[in-house]
There are 2 protein chains.
Amino acid sequence: MARWFGSGNLSVMTVLPNTPRAVAPDVLRARLDRASTEASSRGVDALLITPSPDFAYLLGYRPPELERLTCLVVPAGGVPRLVAPRLEAPLARHQLGELAGDVEVIAWDETDDPYALVHGLLASDARRVGVQDQMWARFVLRLRAVLDPVELVVASPAMAALRRTKDADEVDRLRAAGAAADRAMAAITGERLSGRSEAEVSRRIKELLLEAGHQTADFAIVGSGPNSASPHHDPGERVIGEDDAIVLDIGGMLDGYASDTTRTAFVGDPPADFRALHEVLHEAQLAACAAVRPGVPAEEIDRAARAVITEAGYGEQFIHRTGHGIGMETHEEPYIVSGNADPLQVGEAFSVEPGIYVEGRWGARIEDIVVVTAEGGERLNRTDRRLYIVE
Amino acid sequence: MARWFGSGNLSVMTVLPNTPRAVAPDVLRARLDRASTEASSRGVDALLITPSPDFAYLLGYRPPELERLTCLVVPAGGVPRLVAPRLEAPLARHQLGELAGDVEVIAWDETDDPYALVHGLLASDARRVGVQDQMWARFVLRLRAVLDPVELVVASPAMAALRRTKDADEVDRLRAAGAAADRAMAAITGERLSGRSEAEVSRRIKELLLEAGHQTADFAIVGSGPNSASPHHDPGERVIGEDDAIVLDIGGMLDGYASDTTRTAFVGDPPADFRALHEVLHEAQLAACAAVRPGVPAEEIDRAARAVITEAGYGEQFIHRTGHGIGMETHEEPYIVSGNADPLQVGEAFSVEPGIYVEGRWGARIEDIVVVTAEGGERLNRTDRRLYIVE
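Residues numbered from 1 in each chain as written. Chains lettered and ligands numbered in written order. Predicted model: local features only at pLDDT ≥ 70, side-chain atom pairs only at ≥ 80, totals over all residues. Heavy atoms only, no water.

Chemist: Help me out: how do you make sense of the overall build of chain A in this one?
Modeler: For chain A, the count of helices and strands is 10 helices and 18 strands. Against the globule reference of 21 Å for 391 residues, chain A gives a C-alpha radius of gyration of 23 Å, in line with a compact fold. Overall, the C-alpha framework of chain A stretches about 70 × 50 × 35 Å when taken along its three principal axes. Counting over 391 residues, chain A shows a buried share of 62%. (Helix = DSSP H or I, 4+ residues; strand = E, 2+ residues; numbered from the N terminus. Rg over C-alpha atoms; globule rule 2.2 N^0.38 Å. Buried < 20%, exposed > 50% of the residue type's maximum accessible area, 1.4 Å probe, protein only.)

So this is what it looks like as structure tokens:
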């Protein structure tokens, strides 16, 4: 039912229950209020939030994403209500806990029309409704038909306004997730990697992520040899060997917040040209991290990394943006990409991850999560950014 | 990045690499052809398929679901093309393998407009386009604006026509997944459950699912005592004790196909009224399974279960439909629900899972996966459907 994979790590039998730390009801109430205000200030009459990180941000839990409509209705300046299939109403009331007094649960039966139910909860003069960014097309198209002529827009401008700057508790959670990922990275770069398949090393990293305290190990990219030039490589049966570059990009969730860090390793003595490539990358990543401070346009961070890489002649091989925001999702706003002139704000958290990829041969990437502080940026990943020499 | 959680079970270090069995390129080619034909016969000029089970069904792999548009374009009667962000083009070509000759990969750069790219791949006289059912709202609304006045409809009628009847290889995979879930169910119902929290038992079930051969353990509902009356209960810190009813609803993925089975247990000697309730449920489930055969309307299976339960006076406590299709997704077509008059076809697979829930007190559910055969139905779950008495 739920896609979420709770746990199942090596040490699961010996450790204490490892469930995410809850968010206080007062914090959730304040978020619901702000969501309503942010919608209103954007001329959006209501937000329709289906199960997603936005839903979890507002209500403190995440129901399964299934074909039956579950939808939080947040009217601009009104009272939020939760439409849920009858069989999930007990789950909703249980999970809402104290908040159940603030958010009425409206249950629908298998043969009811939940879209009409949502329609009935909107103000009769509603003209514009924001739908959660990841809402399924099947729901979007049905709502569109039922709500016609109401205009549907994405809820993200309002929701991102809330979520992109993290409060102190959220930064704590990101910090803990970053530290956990660092422990896993330190462990894996200390192991012998040659003679093992990418898939084997990837599974080992997931174990290490869980052992380090993550509740879920979400990804462990291991791109070796020519595969290190494929940024989102899916680890396979290729066996790591001598003279392979290896890109290790790993992360999971801890107390509802994501980790994401990348380091590059090399089996044996790296040739001069790979050392040079990594040195340029290292400089570029340092320059981008150093550029972080409040008020700087997001694209300037991208430019800082790209300038170093382009200057050294690798511009064509840096085939992606410099970073993405991170929080309850691994990828969220703000995006560190050319064209995004939004000034950075205190509390924003994002990856700084330039890469250089020579197709068919090798690649490298260095990634840290950085939080914007009043003074500049705080790096949440602290492992050495050097090229790791492994066996 | 990817939400998919590969593995990380207790025995991960000692077992062989456990990656899903691939689908032959010829099978994928035939599916792509049929998708095009099914679209055409429904007056749909193209299907737009973002990463999802539909995508995996057609192309044999599933890229991460992220904010950058990845979209398979299947024109009615034309050649399929895959639009992908440049950084994932190597992944796409690698995963397509032999199929890369049939499906051209069109890469877009971070500052390109991928929606315009998709637009350019549609016939200039396209009027109606089917979008994958789970496509994110952010993509749907952008496509709608760019493709205007093209009408957007859901791709599911075409895709479900392909996916709802399983071929022999798919039934084999479902059978293997069912047998694996049965091993996990047999093991957990043989353990002492009292004195353990729901969350602890849930984690144990996930281990058992992985040990039994699943590649992922997706859910393990453990609803004890009054929580057994919450069909989608999220296992928590409640400690199981004497006189608790316990609903165990478990499943995962094996070689790309889902398992899903439910049994009910009781700690100690069940009172006569719970025994009676379970007996009625057992009869209802048997009656529904017995009603399965080609040509019978899907809703008749629901009616068969509901008649027994209503007759015994529990009608109001059976608060959900009788079942859902299963395949590459845990929930898919056909739905076994009142109002679905579609006649069952050979090769369809679905759950038969009536339940009776007495709020605040207890509940019970029995669930098997059944495949429609020429003669009737084949049950893929074979553990005893009795009430399990546990310590």
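Chemist: Would you mind showing me how to read the packing of helix α1 (residues 25-41) of chain B against helix α6 (residues 156-163) of chain B here?
Modeler: When two helices pack together, you describe them by how their axes are tilted relative to each other and by the distance separating the axes. All names here are of chain B. Their axes nearest at 9 Å, the elements α1 and α6 cross at an angle of 135°. Put simply, α1 runs oblique to α6. By crossing handedness, the relation of α1 to α6 is classed as right-handed. Touching Arg-31, Arg-34, Ala-35, Glu-38 and Ala-39 of α1 are Ala-158, Met-159, Ala-161 and Leu-162, all from α6. Among the residues making up the contact of α1 with α6, the classes are represented as 6 nonpolar, no polar and 3 charged. (Axes fitted to C-alpha atoms, helices over the stretch in contact; angles between N-to-C directions. Parallel < 35°, antiparallel > 145°, perpendicular 65-115°, else oblique. Left-handed = near helix turned anticlockwise from the far one by under 90°. Contact = heavy atoms within 4.5 Å. Nonpolar A, V, L, I, M, F, W, Y, C, P; charged D, E, K, R; others polar.)

Chemist: Help me out: how do you make sense of the pairing of strand β3 (residues 81-85) of chain B in this one?
Modeler: If a strand is regular, its side chains alternate between the two faces of the sheet. Residue and element names in this part refer to chain B. In terms of burial, β3 is a largely internal element, 4 of the 5 residues being buried. In this sheet, β3 lies alongside strand β2 (residues 71-75) in antiparallel orientation, the contact comprising 3 bridges. Opposite Cys-71, over in β3, you have Val-83 as the bridge partner. Bridging between β3 and strand β4 (residues 104-108) involves 5 bridges; their strand directions are parallel. Among the inter-strand pairings, Pro-85 is bridged to a residue of β4, identified as Trp-108. As for the winding sense of the linkage, the β-α-β connection from β3 through helix α3 (residues 89-96) to β4 is right-handed. (Pairing = 2+ DSSP bridges. Right-handed = clockwise from strand over helix to strand, strands pointing away.)

Chemist: Is there a simple way to think about the sheet that holds strand β5 (residues 128-131) of chain B in this case?
Modeler: Sheet strands pair by backbone hydrogen bonding; their relative direction is either parallel or antiparallel. Residue and element names in this part refer to chain B. With respect to topology, 6 strands assemble into an open sheet ordered β4-β3-β2-β1-β5-β6, the strand pairing being mixed. Edge strands, defined here as strands with exactly one partner in the open sheet, are β4 and β6 (151-154). Between one strand axis and the next, the sheet turns through 25° on average, direction left out of account. As judged from the 4 bridges shared by strand β1 (residues 46-49) and β2, these two strands associate in the antiparallel manner. If you follow Leu-48 over to β2, its bridge partner there is Val-73. Against the sheet, α1 engages β1 and β2, with an angle of about 60° to β2.

Chemist: Just checking my understanding: could you explain the pattern of salt bridges for this structure?
Modeler: Once their charged atoms are close, side chains differing in charge can pair, the charge on each being opposite to the other. All names here are of chain A. What the rule picks out here adds up to 82 salt bridges over all chains. Two residues, Glu-378 and Arg-175, come together in a salt bridge whose shortest N-O distance is 2.9 Å. Taken together, the positions of Glu-378 in strand β17 (residues 377-379) and Arg-175 in helix α7 (residues 168-188) put the pair 203 residues apart, joining distant regions of the chain. Look at Arg-175 and you get partly exposed, because its relative accessible area is 32%. A single salt-bridge network, built from bridges that share partners, covers Asp-54, Arg-163, Lys-166, Glu-329 and Glu-332. (Salt bridge = Lys/Arg side-chain N within 4 Å of Asp/Glu carboxyl O.)

Chemist: Got a minute to help me understand unusual backbone geometry in this structure?
Modeler: Excluding glycine, a negative phi dihedral is what most residues carry, and trans is how most peptide bonds are arranged. Omega for the peptide link from Asp148(A) to Pro149(A) comes to 10°, which places this bond in the cis form. Mapped onto the secondary structure, Pro149(A) falls in the loop between α5 (137-147) and β6 (151-154). The backbone phi angle of Asp243(B) is positive, close to 70°, even though this residue is not glycine. By the secondary structure assignment, Asp243(B) is in the loop between β7 (216-224) and β8 (245-254). Accessibility expressed as a relative area gives 47% for Asp243(B), which makes it partly exposed. One non-glycine residue, Asp255(B), lies in positive phi territory at about 50°. Counting through the fold element by element, Asp255(B) comes out in the loop between β8 and β9 (257-258).

Chemist: Looking at this model, I keep getting lost on the interface of chain A and chain B. Mind explaining?
Modeler: You'll often see interface size given as the accessible area lost when the parts meet. Taken together, the contacts link 71 residues of chain A with 71 residues of chain B. For the pair chain A and chain B, the summed buried area comes to about 6300 Å², and 58% of that belongs to carbon and sulfur atoms. Arg321(B) is paired through a salt bridge with Glu67(A); the nearest N and O atoms lie 2.5 Å apart. At the junction of chain A with chain B, the criterion picks out 16 residue pairs in polar contact (both at pLDDT 80 or more). For the side of chain A that touches chain B, the secondary-structure elements that each account for two or more residues are α3 (89-96), α5, β6, α8 (198-211) and β7 (216-224) of chain A. (Buried area = accessible area lost by both parts, 1.4 Å probe. Polar contact = N/O pair within 3.5 Å; in protein donor to acceptor, adjacent residues only side chain to side chain.)

Chemist: It is not clear to me how the relation of the copies chain A and chain B should be interpreted in this structure. Could you clarify?
Modeler: The relation between the two copies of this chain is a rotation about an axis and a shift parallel to it. Least-squares fitting of chain A to chain B yields an RMSD of 0.0 Å, with the superposition described by an axial translation of 0.0 Å and a rotation of 180°. What the superposition gives is, in effect, a two-fold axis relating one chain to the other. Mapped onto chain B, 100% of the interface residues of chain A again fall at the interface, so both copies present the same surface. (Least-squares fit on C-alpha atoms with pLDDT ≥ 70 in both.)

Chemist: Is there a simple way to think about helix α4 (residues 114-121) of chain A in this case?
Modeler: Because each turn of an α-helix spans 3.6 residues, side chains separated by three or four positions end up pointing in the same direction. All names here are of chain A. Buried within α4 we find Pro-114, Tyr-115 and Val-118. Down the axis of α4, the buried set is contained in an arc of 105°. They therefore lie on one face. Tucked inside the fold, the buried residues of α4 contact β1 (46-49), β2 (71-75), β3 (81-85), β4 (104-108) and α5. Sitting at the head of α4, Asp-113 places a side-chain oxygen 2.9 Å from the backbone nitrogen of Tyr-115. (Arc of directions from axis to C-beta.)

Chemist: Before we go on, may I ask you to explain the nonpolar core in this structure?
Modeler: For soluble globular proteins, nonpolar side chains are generally found buried alongside one another. Judged by nonpolar contacts, the single largest core of 48 residues is most densely connected at Leu48(A) and Leu48(B). Leave out the neighbours within four places in its chain, and Leu48(B) touches Cys71(B), Leu72(B), Val73(B), Val118(B), Leu122(B), Val129(B), Gly130(B), Val131(B), Gln132(B), Met135(B), Leu143(B) and Leu147(B). The next biggest cluster of nonpolar side chains, apart from the first, holds 40 residues, and it includes Val44(B), Leu99(B), Ala107(B) and Val171(B). (Core = buried A, V, L, I, M, F, W, Y, C linked by side-chain atoms within 4.5 Å.)

Chemist: Quick question: what am I supposed to make of the domain arrangement of chain A here?
Modeler: Residue and element names in this part refer to chain A. The domains assigned to chain A are domain 1 (25-163) and domain 2 (165-390). Each of domain 1 and domain 2 was reduced to a C-alpha centroid, and the two centroids are 34 Å apart. Taken together, the contacts link 8 residues of domain 1 with 9 residues of domain 2. Buried area between domain 1 and domain 2, both sides added, is near 720 Å², and the carbon and sulfur share of it is 39%. When the buried area of domain 1 at its contact with domain 2 is split by residue, Pro-53, Tyr-57 and Arg-163 rank highest and sum to 55% of it. (Domains from an automatic or database assignment.)

Chemist: What is the right way to read the sheet that holds β3(A) from this model?
Modeler: Residues and elements named next belong to chain A. Across the sheet, 6 strands lie side by side as β4-β3-β2-β1-β5-β6; this open sheet has mixed pairing. The sheet is open, and its two borders are formed by β4 and β6, each paired with just one other strand. Taken over all neighbouring pairs, the strand axes of this sheet differ in orientation by 25° on average, direction set aside. Packed onto the sheet, α3 meets β3 and β4 and runs at close to 170° relative to β4.

Chemist: Sorry, what's going on with the environment of Arg204(A) here?
Modeler: Residue and element names in this part refer to chain A. Within the fold, Arg-204 resides in helix α8. We classify Arg-204 as buried; its relative accessible area is 17%. For Arg-204 and Ala-184, which are 20 residues apart along the polypeptide, the C-alpha to C-alpha distance reads 9.5 Å.

Chemist: Hey, could you run me through the packing of aromatic side chains in this one?
Modeler: Describing an aromatic ring pair means giving the distance of the ring centres and the angle of the ring planes. Counted under the stated rule, the structure contains 10 aromatic pairs over all chains. Ring centres of Trp136(B) and Phe139(B) lie 5.9 Å apart, and the angle between their planes is 5°; on these two criteria the pair is classed as stacked. With respect to class, Trp136(B) is no different from Phe139(B); both count as buried. Between the aromatic rings of Phe266(B) and Phe274(B), the centroid separation amounts to 5.2 Å while the plane-to-plane angle is 40°, which identifies the pairing as tilted. Cluster of aromatic residues (ring-pair linked, three or more members): Phe266(A), Phe274(A) and Trp362(A). (Phe/Tyr/Trp six-rings, centres within 6.5 Å; stacked < 30°, edge-to-face > 60°.)

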